[in-house]
Amino acid sequence: MTRIISKAKQSQIIKESIMTEQFKAIIVGGGIAGLATAIALRAPNRKITILEQSSLNREIGAIVSLQLNASKTVEKTWNLAKTLQDKGPMMDEGFQVYNLDGERQMRIPLSTTEKYGAERMLYHRIDLHDALKKRATSDEWPSEPAEICVSSRVTHCDCEEGVVYTQTGEMFQADLIIGADGIKSVVRGSVLGIKISALRTGHSAMIMGPARNGSVYSIVAMVPDEDMNEDASNTSWTTHGDIPKMQETFADFPEWARGPLSCISDGEVGMWQLRDIDPLPTWMKGRVIIVGDAAHAMLPTQGQGASQAIEVAEAVGAFYADIDVGKDGVTSLSLEQIKAINEKIFACRYKRATTIQRYSRQTAKPATEEGSVKVKMSPSDFMDYNCSYNGALEWARRQAEQDKVVDDIEKMRIVEREVQAEEVTIQVQP
Ligand SMILES: Cc1cc2nc3c(=O)[nH]c(=O)nc-3n(C[C@H](O)[C@H](O)[C@H](O)COP(=O)(O)OP(=O)(O)OC[C@H]3O[C@@H](n4cnc5c(N)ncnc54)[C@H](O)[C@@H]3O)c2cc1C
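Residues numbered from 1 in each chain as written. Predicted model: local features only at pLDDT ≥ 70, side-chain atom pairs only at ≥ 80, totals over all residues.

Neighbouring the ligand are 32 residues; Gly29, Gly31, Gly182, Gly292 and Gly305 lie closest to it. Counting only elements with at least two residues in the shell around the ligand, the list comes to helix H2 (32-41), strand S4 (63-66), helix H10 (293-296) and helix H11 (305-319). If you tally residues by element for the shell around the ligand, the top one is H11, at four residues. Here the residues of the shell around the ligand are counted per class, giving 15 nonpolar, 13 polar and four charged. (Near = placed C-beta within 6 Å. Helix = DSSP H or I, 4+ residues; strand = E, 2+ residues; numbered from the N terminus. Nonpolar A, V, L, I, M, F, W, Y, C, P; charged D, E, K, R; others polar.)

With that out of the way, let us pick up the sheet that holds S4. Taking strand neighbours across the sheet as the criterion, the three strands line up as S4-S8-S5 in an open arrangement whose pairing is antiparallel. Among the strands making up the open sheet, the edge pair consists of S4 and strand S5 (90-91). Examined bridge by bridge, S5 and strand S8 (residues 121-124) share two bridges and lie antiparallel to one another. The partner of Met90 across the bridge, within S8, is Leu122. (Pairing = 2+ DSSP bridges.)

A word on the packing of H2 against helix H6 (residues 125-137). Where H2 contacts H6, the two axes come as close as 8 Å, and the packing angle between them is 30°. As H2 runs across H6, the sense of the crossing is left-handed. Here Ile32, Leu35, Ala36, Ala38 and Ile39 of H2 lie close against H6, whose contacting residues are His129, Leu132, Lys133, Arg135 and Ala136. Residues that form the contact of H2 with H6 fall into these classes: seven nonpolar, one polar and two charged. (Axes fitted to C-alpha atoms, helices over the stretch in contact; angles between N-to-C directions. Left-handed = near helix turned anticlockwise from the far one by under 90°. Contact = placed C-beta atoms within 7 Å.)

Relative to the helices and strands, Val316 resides in helix H11. Accessibility expressed as a C-beta count within 10 Å gives 27 for Val316, which makes it buried. Note: C-alpha distance between Val316 and Ile341 (25 residues apart in sequence) is 8.8 Å. When neighbours within four sequence positions are excluded, Val316 is seen to be in contact with Thr37, Ala40, Leu41, Ile178, Val291 and Ile345. (Buried ≥ 20, exposed ≤ 12 C-beta atoms within 10 Å, placed from the backbone.)

Below, the discussion takes up the UniProt feature "transmembrane region" (unreviewed entry) in the chain. The positions that UniProt labels "transmembrane region" (unreviewed entry) are, in the present scheme, residues 21-41. As a span, residues 21-41 carries 48% helix and 29% strand, and end to end its C-alpha atoms are 17 Å apart. (UniProt positions renumbered as here; feature names shortened; annotations may be inferred.)

A few words on helix H3 (residues 68-77). Here H3 lies mainly inside the structure; eight of its ten residues are buried. Restricting attention to buried positions, one finds in H3 the residues Leu68, Asn69, Ala70, Ser71, Lys72, Thr73, Val74 and Glu75. Buried residues along H3 sit against S4, helix H4 (81-85), helix H5 (113-116), S8, H11 and helix H13 (383-387). Positive phi shows up at Asn79, right after H3, with a value of about 60°.

Another aspect to go through is the sheet that holds strand S11 (residues 163-166). Reading across from one edge, S10-S11-S12 is the order of the three strands in this open sheet, with antiparallel pairing throughout. Looking at strand neighbours, the two that pair on one side only are strand S10 (154-158) and strand S12 (171-173), the edges of this open sheet. Within this sheet the neighbouring strands show an average axis-to-axis angle of 20°, counted without direction. By the bridge criterion, four bridges tie S10 to S11 in an arrangement that is antiparallel. Bridge pairing in S11 links His156 to Tyr165.

Here's what the structure looks like:
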């Protein structure tokens, strides 16, 4: 059973959130990052509440690919392999890159189990969201399920006090607050003290690709705004695109590539204006840490946005795994303890997430030179970095080893410089 709770129950939770002697986490946003963080944090003696602005019953259909760095966590660590398998996901077997004359330029096979231990999977976005929601909120799994307060729009937080305020005047208090409220995050505003707006990238996208055993097909088609033949202002996840205008946009493409565009029925084209944010100076303040698009919104050019949201969620779970609340009479974590754990999460995740954010911008650059049809970009370029990830703790160890090597090299250089300086001194002595 999925727990989505009524307003009456919500006021009870507000009181409980102040009174209970469990570790309390409030998650703002019930998207992929919020639900994944609830799963990762779920453990005995914890009360997890998700505040979601919507009623969570919108049907936004598009395909989302989970890269193996994230599908391993979802399928194996969170045991969702069977649930997701039942939804008929499709394996992403490879990329083929063609020029405008319809000639294949390269084929990059993506079967990656042998090299990296899992596959890139394509899901219907709703199927993935439903599976995560069930795993976070169902009592079929051990430990208390997370609860979702729908229609709860958060306006701001008091980061030091660990208090979240909603538009309807409610107040929730917790040991830990996770800002998972997407690219337009308000929690980010409370953390940074300034409003950071999502940046227009000049590209818009249509999404298509196979899922549900091939019974749905969705295509991602990225277009510079000025070539889109559409009004590019204010496109949200629910903005519909115009089929003839879309066909006009791709008029130069080979016939076989344009073919599927003529099979689309009215209402099946969604338009998203692609936006991202620059790397932020920090993701945390007081009892608050931001995750997912709120912290590192990135272009979908590598299909890593949701995967990075899942990676950071797993990291939150890993670094909060050993807290003592509920043991030996410990009833909550102090501000200093929360800050120390959040700093570890930030240190582990920041460089990786911002590197992938930058890679995603780089991949958005045109695949051909101006005036040429020769393709120069290779989608396989970043695979190794993206896919060689086996959870936050291992990544943190690897980073520490690399930092030590860099540190050792720097120490060696200092010693070399000192030795050289000594030799010079000895030589100049009469
Ligand atoms: C065109 C396109 C294609 C993409 N394709 C892929 C792909 O193939 N693979 C991939 O990995 N990623 C993909 N992504 C990126 C991916 O969808 C996002 O990175 C991912 O959904 C981020 O999850 P999130 O939970 O951080 O944010 P969101 O999914 O935006 O969720 C945020 C949630 O917070 C809620 N919320 C917002 N504000 C408030 C508030 N004030 N109070 C309470 N609740 C609030 C929202 O209602 C929402 O439910 C794509 C993105 C785009 C635009």
